[in-house]
Amino acid sequence: QVIAQRLPWRLKGLHPDSGSEFINEAGIAWCKHRHIELTRSRPHKKNDNCFIEQRNLVVVRKYVGYERYDCLEAVSAMNELYEFIRLYINFFQPTFKLQGKEKRVKTIDGKQATKPYKRIYDKPKTPYQRVLENKLIDCLAKDKLRLQYETLNPKILHDKIQLLTSKLERIQREQGYHF
């Protein structure tokens, strides 16, 4: 619900993995009530959500790690941390986007190249830049994002992320977890 409210456009669909944290009676009812299409990944096909899983690694695991967080204080700190990470990543961290793959031809001596395909990427852009370039996104949504962008400072966001990451580690140590 929080994510749906933060989006500058209407949420049309969700495609989570097959976990019960999303695919359950409450989640299905929530989507039906809001006319949101709910699809799911195929069981035991971990690559169905490969782009999200990749983001889990480079975003969630980078800042939060693999630890188990099971106290309310840690949940509160994580929610605050995710708010700053969301802004920092979406507005200031460019990513490559795969445009396609090109099949490599055999070399002159007839040997196959070490990788059969060459990946072709576009220029790195932030998610914010990609939204601004998208012709399907409403101008009002773009204006809302531009106003938000003008209020942000990447240094302040980065420092706050560092502070909250340290706070989360401190909470875990106090709970008896060791890194």
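(A) Region of interest: the pairing of strand S3 (residues 98-103). In terms of burial, S3 is a largely surface element, zero of the six residues being buried. As paired elements, S3 and strand S4 (residues 117-121) share five bridges and run antiparallel to each other. Paired with Gly100 across the strands is Ile120, a residue of S4.

(B) Molecular detail of the side chain of Lys142. Take Lys142: it is sitting in helix H6 (residues 139-150). Despite its burial, Lys142 remains without a salt bridge, the nearest opposite charge being carried by Asp143 at 8.6 Å. Beyond its immediate chain neighbours, meaning those up to four positions away, Lys142 contacts Val131, Leu132, Asn134, Lys135 and Ile137.

(C) Up close: the nonpolar core. Counting 27 residues, the largest nonpolar core has Tyr63, Val64, Leu81, Ile85, Tyr88, Phe91 and Leu168 as the members making the most contacts within it. Mapped by element, the contributors of at least two residues to this core are helix H3 (50-64), helix H4 (72-92), helix H5 (127-133), H6 and helix H7 (154-174). Per-element accounting of this core gives the leading share, ten residues, to H4. Excluding residues within four positions of it along the chain, Tyr88 makes contact with Tyr63, Gln93, Pro154, Leu157, His158 and Ile161.

(D) Representation of the pattern of salt bridges in the model. Per the stated rule, a full pass over the model turns up eight salt bridges. Between Glu133 and Lys125 there is a salt bridge, and its shortest N-O distance comes to 2.8 Å. Given a relative accessible area of 48%, Glu133 falls into the partly exposed group. By sharing partners, the salt bridges in this structure join Arg6, Glu83 and Arg86 into a single network.

(E) Main features of H6. Over its twelve residues, H6 runs 17 Å from end to end, which matches the ideal 16 Å to within 8%, given 1.5 Å per residue. Within the sequence span of H6, burial applies to Ala141, Lys142 and Leu145. End-on, the buried residues of H6 take up no more than an arc of 100 degrees, which puts them together on one face. Relative to its buried face, H6 has exposed residues pointing more than 90 degrees away, namely Cys139, Leu140, Leu147 and Glu150. Close packing links the buried residues of H6 with H4 and H5. Where H6 begins, one side-chain oxygen reaches toward the backbone nitrogen of Leu140, 2.8 Å away; that side chain belongs to Asp138.

(F) A look at a nonpolar patch on the surface. Taken together, the side chains of Leu57, Val58 and Tyr66 present a nonpolar region at the surface, about 330 Å² in accessible area. Position of Val58 relative to the elements: it lies in helix H3. The partly exposed category is assigned to Val58, whose relative accessible area is 39%.

Rules of the game
Residues numbered from 1 in each chain as written. Predicted model: local features only at pLDDT ≥ 70, side-chain atom pairs only at ≥ 80, totals over all residues. Heavy atoms only, no water. Buried < 20%, exposed > 50% of the residue type's maximum accessible area, 1.4 Å probe, protein only. Helix = DSSP H or I, 4+ residues; strand = E, 2+ residues; numbered from the N terminus. Pairing = 2+ DSSP bridges. Lys, Arg positive; Asp, Glu negative; His and termini not counted. Salt bridge = Lys/Arg side-chain N within 4 Å of Asp/Glu carboxyl O. Contact = heavy atoms within 4.5 Å. Core = buried A, V, L, I, M, F, W, Y, C linked by side-chain atoms within 4.5 Å. Expected span 1.5 Å × (residues − 1). Arc of directions from axis to C-beta. Polar contact = N/O pair within 3.5 Å; in protein donor to acceptor, adjacent residues only side chain to side chain. Patch = residues over 30% accessible without salt bridge, like charges linked within 9 Å, V, L, I, M, F, W, Y side chains within 5 Å. Areas by Shrake-Rupley, 256 points an atom, 1.4 Å probe, with all protein chains shown as cover.

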